[in-house]
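Read off the chains here:
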Amino acid sequence: MLTELIGKKLQMTQVWKESGEIVPVTVLQAGPCQVVQVKTEETKDGYRAVQLGFEDKKTSKGTLGKNMSKAEKGHFAKSKVDPKRLVQEVPLPEGTSLKSGDTVTVEIFKECSHVDVTGTTKGRGFQGVIKRHDFSRGPKSHGSKHYRGPGSTGQHQGMSKVRKGKHMPGHYGSEQVTTMHLEVVKVEAERNLLYVKGAVPGPSGSYLKIRKSILS
Amino acid sequence: MQLMSSIEKENAKNTGMDHFDVGDMVEVHVWIVEGEKRRVQIFSGLITRIKHGRGVRGTFTVRRIVSGLGVERIFPFHCPNIEKVEITRYGKTRRSKLYYLRDRIGKEALKVKELIGGRRKRQEAEKGSSEKKVKKRGKKAKAERKKRLEAEGKAAPKKKGKKKKGKGKKA
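Once a new chain begins, its residue numbering starts again from 1 and follows that chain's sequence as written. As they are written, the chains are lettered A onward and the ligands numbered 1 onward, keeping that order. Two thresholds apply to this predicted model, a pLDDT of at least 70 for residue-level local features and 80 or more for giving and counting side-chain atom pairs, whereas whole-chain, interface and lining totals are computed over all residues. Excluded from the side-chain calculations are hydrogens and water; all other atoms, namely the structure's heavy atoms, are used.

Asks: Provide a residue-level description of the overall build of chain A, including the pertinent values.
Replies: Secondary structure elements follow DSSP: runs of H or I no shorter than four residues count as helices, runs of E no shorter than two count as strands, and numbering proceeds from the N terminus. Within chain A one finds two helices and 12 strands. Each helix (α) and strand (β) of chain A, taken in turn from the N terminus, gives the series β-β-β-β-α-β-β-β-β-α-β-β-β-β. Only the C-alpha atoms count toward the radius of gyration. The rule for a globule is 2.2 Å times the residue count to the power 0.38. Whereas a compact globule of 216 residues would reach a radius of gyration of roughly 17 Å, chain A reaches 23 Å, over 25% beyond that. Structurally, chain A occupies a C-alpha span of about 70 × 50 × 40 Å along its principal axes.

Structure follows, in C-alpha cells:
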C-alpha cells in the first residue's frame, strides 16, 4: 500500500469529543489520485516510485488539458489518464504493485494514527529579524533607541567580517515546511476527507503532500 | 468552500438551540461528572452575548449574580454536555452585547425589558396546539401541505372549500 498522497487544505474547524472536549482540526481533501507513471527497477528509471496526479486540469468550460504543452498531453495520453493539475512522485514500497491509471484514495490512511503534512507556508514578504528569526526587542523607553534592530552582526578585530548564515532581515514565508506527527481524527472515504488535529502549513486551498508519519 | 460549510453543519450536533436570544433569562442544563456519577446541573442567568454565530464555533454567555458578585459562564452552542436550554423570561434588548450590565449593582444588575410579541408569540404558539399554527403562505407551501396530507391518507383540504361553496349557493 502506498504511504503518500497529494491533497488540498480546505479549512480549519473544530469537532467535539463525546466527553465535551473540543478538538481543533484541519480538514484536508486527500486524493483521489491517479497513477500517471510507474517507475521500477525494470524500467529505465532504475528505482521504485509512482507518479501521482491530483485534480483534473479543466477550464471553466470543462475542457480538459487546455494550455498544456504537447509533451505534457502526450504523457497523460500514454497512461490513459485525464490531464491533471498537479503531478508528484511518491515512493512505491516493496510488495505493492500499481499500474498507470489506478486510483489511490484516502483509505490508505485508514489504519494510521498519525500523518506528516508538507506544504508551502504563507508568504510574508520582507520581514525584520523579530518576526523572521524570533529575535527579542530592545526596550521602548528609558532613553533606549534600540527597538527592533538586529543588533551587532560580529566582532571588530580578529574576525572583522560578518559570519556566513548570520540571521538578517529578508524574505520570509513561501517555503516548504513539513508538520510532523499530526493525529488523524477522522477519515471519510466517501468524500475523500482527512481530518487532522492541529494546523498544517499554507493558506486554505493550497496543495499538500500527506504521508504516513515516519515518527510512528 | 460549500463543502466546508456542510461539514461544519454536520458537526453542529445540538439541535433546538436557536430559540433563545440575547436578553433572555435562561436555565442551562449541563451534564457534569462527579467521580463516577453523571448528573445534570442547572446554571440560570441572563444571556448577555452570542459570539461567532450559532454554528460549531458559536458560543453564548450567561451572566448571573452570586451573593452580590457577577459570574459569567461561556457555553459553546454545540457542546455535547449541554442537555437543554430553557427560557424562563423573554427579554427585549436594543443591543446585541449587554456589556453595560457589568457596571450595574443591585436590583438593576440584570434588568432587561420583557419581550411580549414577536419571537415569544411564535414560540408559544408552536408549543400550544397545532391548530393554532400559522399557515405558511405561497404556492410552494400549499403544494407541500397537499403532498403531506395525501401521504397521510387524509382528504385534501380542497374539499372543504367546495363544500363551503355549495353552502353558499344554497343560501
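Asks: Break down the sheet that holds strand E5 (residues 84-91) of chain A for me, citing the residues and quoting the values.
Replies: Residue and element names in this part refer to chain A. Two strands form a pair only when DSSP identifies at least two bridges running between them. With respect to topology, four strands assemble into an open sheet ordered E5-E4-E3-E6, the strand pairing being antiparallel. Edge positions in the open sheet fall to E5 and strand E6 (103-104), since each of these has one partner strand only. As defined by bridge partners, strand E4 (residues 49-56) adjoins E5 across seven bridges and the pair is classed as antiparallel. Across the sheet, Ala-49 pairs through a bridge with Pro-91, a residue of E5. Throughout, a contact is declared for two residues whenever any of their heavy atoms are within 4.5 Å. Comment: axis = line fitted to C-alpha atoms, over the contacting stretch for helices; angle = value between 0 and 180 degrees taken between N-to-C directions. Its contacts with the sheet place helix H1 (residues 70-78) against strand E3 (33-39), E4 and E5, and it is angled at close to 90° to E3.

Asks: Can you lay out the sheet that holds strand E10 (residues 176-188) of chain A for me, pointing to particular residues and giving the numbers?
Replies: With antiparallel pairing, the six strands of this closed barrel are ordered in space as E1-E2-E11-E10-E7-E12 (chain A). The mean inter-strand angle of the sheet, taken between neighbouring strand axes irrespective of direction, is 50°. As paired elements, E10(A) and strand E11 (residues 193-197) of chain A share four bridges and run antiparallel to each other. Opposite Glu188(A), over in E11(A), you have Leu193(A) as the bridge partner. Strands in contact with helix H1 (residues 2-11) of chain B are strand E1 (4-16), strand E2 (22-30), E10 and E11 of chain A; relative to E1(A), the strand with the most contacts, it is inclined by about 45°.

Asks: Give me the lowdown on the interface of chain A and chain B, citing residues and values where you can.
Replies: If you look at the interface, chain A gives 17 residues, while chain B gives 15 residues. Taken together, the two surfaces of chain A and chain B that pack against each other cover about 1300 Å², and 58% of this comes from carbon and sulfur. Summed over the three residues of chain A that lose the most area to chain B, namely Gln11(A), Trp16(A) and Arg191(A), the buried surface amounts to 41% of that side. Only one rule defines a salt bridge in this text: a Lys or Arg side-chain nitrogen within 4 Å of an Asp or Glu carboxyl oxygen. The interface formed by chain A and chain B holds one salt bridge in total. Accessible area that two parts lose when put together, with a 1.4 Å probe and added across both, is what the buried area reports.

Asks: Provide a residue-level description of the nonpolar core, including the pertinent values.
Replies: Residues and elements named next belong to chain A. Membership of the largest hydrophobic core comes to 27 residues, with the highest contact counts inside it found for Leu-52, Phe-109, Val-115 and Leu-194. For this core, the element with the most residues is E4, which contributes three residues. Not counting chain neighbours up to four residues away, the residues in contact with Phe-109 comprise Thr-3, Leu-5, Val-115, Val-187, Leu-194, Ile-210, Arg-211 and Lys-212. Working definition of a nonpolar core: buried Ala, Val, Leu, Ile, Met, Phe, Trp, Tyr and Cys residues. They are joined through side-chain atoms within 4.5 Å. We call a residue buried when its accessible area falls under 20% of the maximum for its residue type, exposed when it is over 50%, and partly exposed in between, using a 1.4 Å probe and counting protein chains only.

Asks: Summarise a nonpolar patch on the surface; cite the residues concerned and give the values.
Replies: Like charges within 9 Å and nonpolar side chains (Val, Leu, Ile, Met, Phe, Trp, Tyr) within 5 Å are joined into patches, using only residues over 30% in relative accessible area that form no salt bridge. Only the protein chains shown count as cover for residues, with accessible areas throughout obtained via the Shrake-Rupley method and a probe of 1.4 Å. Residues Met180(A), Ile214(A) and Leu215(A) make up a contiguous nonpolar surface patch of about 300 Å² in total accessible area. Mapped onto the elements of the fold, Met180(A) is located in strand E10.

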